[in-house]
Amino acid sequence: MSKITQNLIIETFLRLLEKKDLQKITIKELAALCEINRNTFYYHFKDLYDLLETVFRIQAQEVKEACIKHMPWQENMLRSMSFALEHKEALYHLYESPRRDLLESYLYNVIGEVMERYIMEQAEGMEIENKDLLLIVDFYKYALVGILLEWIRGGMQDDPRCILEKVGVLFDGSIGKALLRLKKN
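Residues numbered from 1 in each chain as written. Predicted model: local features only at pLDDT ≥ 70, side-chain atom pairs only at ≥ 80, totals over all residues. Heavy atoms only, no water.

Regarding the packing of helix α4 (residues 48–66) against helix α8 (residues 100–122)
Following both chains from N to C, one finds α4 and α8 inclined at 15 degrees, their axes separated by 10 Å at the closest point. Of the possible angle classes, the one that applies to α4 and α8 is roughly parallel. Like other packed secondary-structure pairs, α4 and α8 cross with a definite hand, here right-handed. Here Y49, L52, E53, F56, Q59, A60, V63 and K64 of α4 come into contact with α8, specifically with L102, L103, Y106, N109, V110, E113, V114 and R117. Broken down by class, the residue content of the contact of α4 with α8 amounts to 10 nonpolar, 2 polar and 4 charged. (Axes fitted to C-alpha atoms, helices over the stretch in contact; angles between N-to-C directions. Helix = DSSP H or I, 4+ residues; strand = E, 2+ residues; numbered from the N terminus. Parallel < 35°, antiparallel > 145°, perpendicular 65-115°, else oblique. Left-handed = near helix turned anticlockwise from the far one by under 90°. Contact = heavy atoms within 4.5 Å. Nonpolar A, V, L, I, M, F, W, Y, C, P; charged D, E, K, R; others polar.)

Here is the structure:
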């Protein structure tokens, strides 16, 4: 029952976030829509930000589990964007909220995971220091998050596949070249 209630709160919260800004959502309203009392909400979450962090934590875990080994990074990136595509308005409201940092943290986490898996896979068999590998991961992670935040800021009008194709042209071969340059002799 507890997990069912938690899922109900999460789903209702996301539906509300599709319709209105985060700072306009109240626990009282959320509890009423879930047909629970406020204490039930507080049994599961400390506040709305804790609820939001839980949503992001669950989604990040789902992305990590959905990433497929030996698949192009663009495909895994599209898998990681499924949550964003399903909840465009909610994402936009979060982007415009005072707690945009939670959204950015989620994006860095998820995109970092996708890029780290891909780059580590590409580096298999190469003798490269871990700090150098992580530098490459950070470079591509920050580039992708920047592009994604700009996409959200612009209202998510463009098809993410087209964006990733264009980014793929920029990245094509550059990851492999960077790995070769950092390879120990």
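The rest of the description comes next.
Some points on the pattern of salt bridges
Considering all chains together, one arrives at 6 salt bridges under this definition. E29 is paired through a salt bridge with K20; the nearest N and O atoms lie 2.8 Å apart. A relative accessible area of 25% places K20 in the partly exposed class. The partner of R100 in a salt bridge is E104, with the nearest N and O atoms 3.7 Å apart. Of this pair, R100 and E104 both sit in helix α8, separated by 4 residues, roughly a single helical turn. The partly exposed category is assigned to R100, whose relative accessible area is 29%. (Salt bridge = Lys/Arg side-chain N within 4 Å of Asp/Glu carboxyl O. Buried < 20%, exposed > 50% of the residue type's maximum accessible area, 1.4 Å probe, protein only.)

Considering the packing of helix α5 (residues 73–80) against helix α10 (residues 160–171)
At a minimum axis separation of 10 Å, α5 and α10 run at an interaxial angle of 145 degrees. For the crossing formed where α5 meets α10, the hand is right-handed. For the pair α5 and α10, the contacting residues are W73, Q74, E75, M77 and L78 in the first and P160, R161, L164, V167, G168 and F171 in the second. Residue classes in the contact of α5 with α10 are distributed as 7 nonpolar, 2 polar and 2 charged.

Some thoughts on the confidence of the model for the chain
Close inspection of predicted coordinates is inappropriate for parts of the model with low pLDDT. Confidence in the prediction of the chain, expressed as mean pLDDT, is 88, and 97% of residues score 70 or more. α5 is the least confidently modelled element of the chain, averaging 75 in pLDDT, while helix α2 (residues 27–34) averages 96, the highest of any element. (pLDDT = per-residue confidence, 0-100.)

Topic: the side chain of H87
When you line up the elements, H87 lands in the loop between α6 (82–86) and α7 (88–95). Look past the residues within four positions of H87 in its chain and what remains in contact with it is L14 and E18.

Some remarks on the packing of aromatic side chains
Under the definition given, this model contains 5 aromatic pairs. Ring geometry for F56 and Y106: centres 4.6 Å apart, planes at 15 degrees, overall stacked. A residue pair is termed long-range when its members are at least 10 positions apart, and F56 in helix α4 and Y106 in helix α8 qualify at 50 residues. Assigned by exposure class, F56 and Y106 land together as buried. Of the aromatic side chains, those joined through ring pairs into one cluster are F41, Y42 and F45. Across from the ring centre of Y49, 5.0 Å away, lies the NZ or CZ of R99, which sits over that ring. Over the ring of Y142 we find K141, and its NZ or CZ is 5.0 Å from the ring centre. (Phe/Tyr/Trp six-rings, centres within 6.5 Å; stacked < 30°, edge-to-face > 60°. Lys NZ or Arg CZ within 6 Å of the ring centre and 35° of its normal.)

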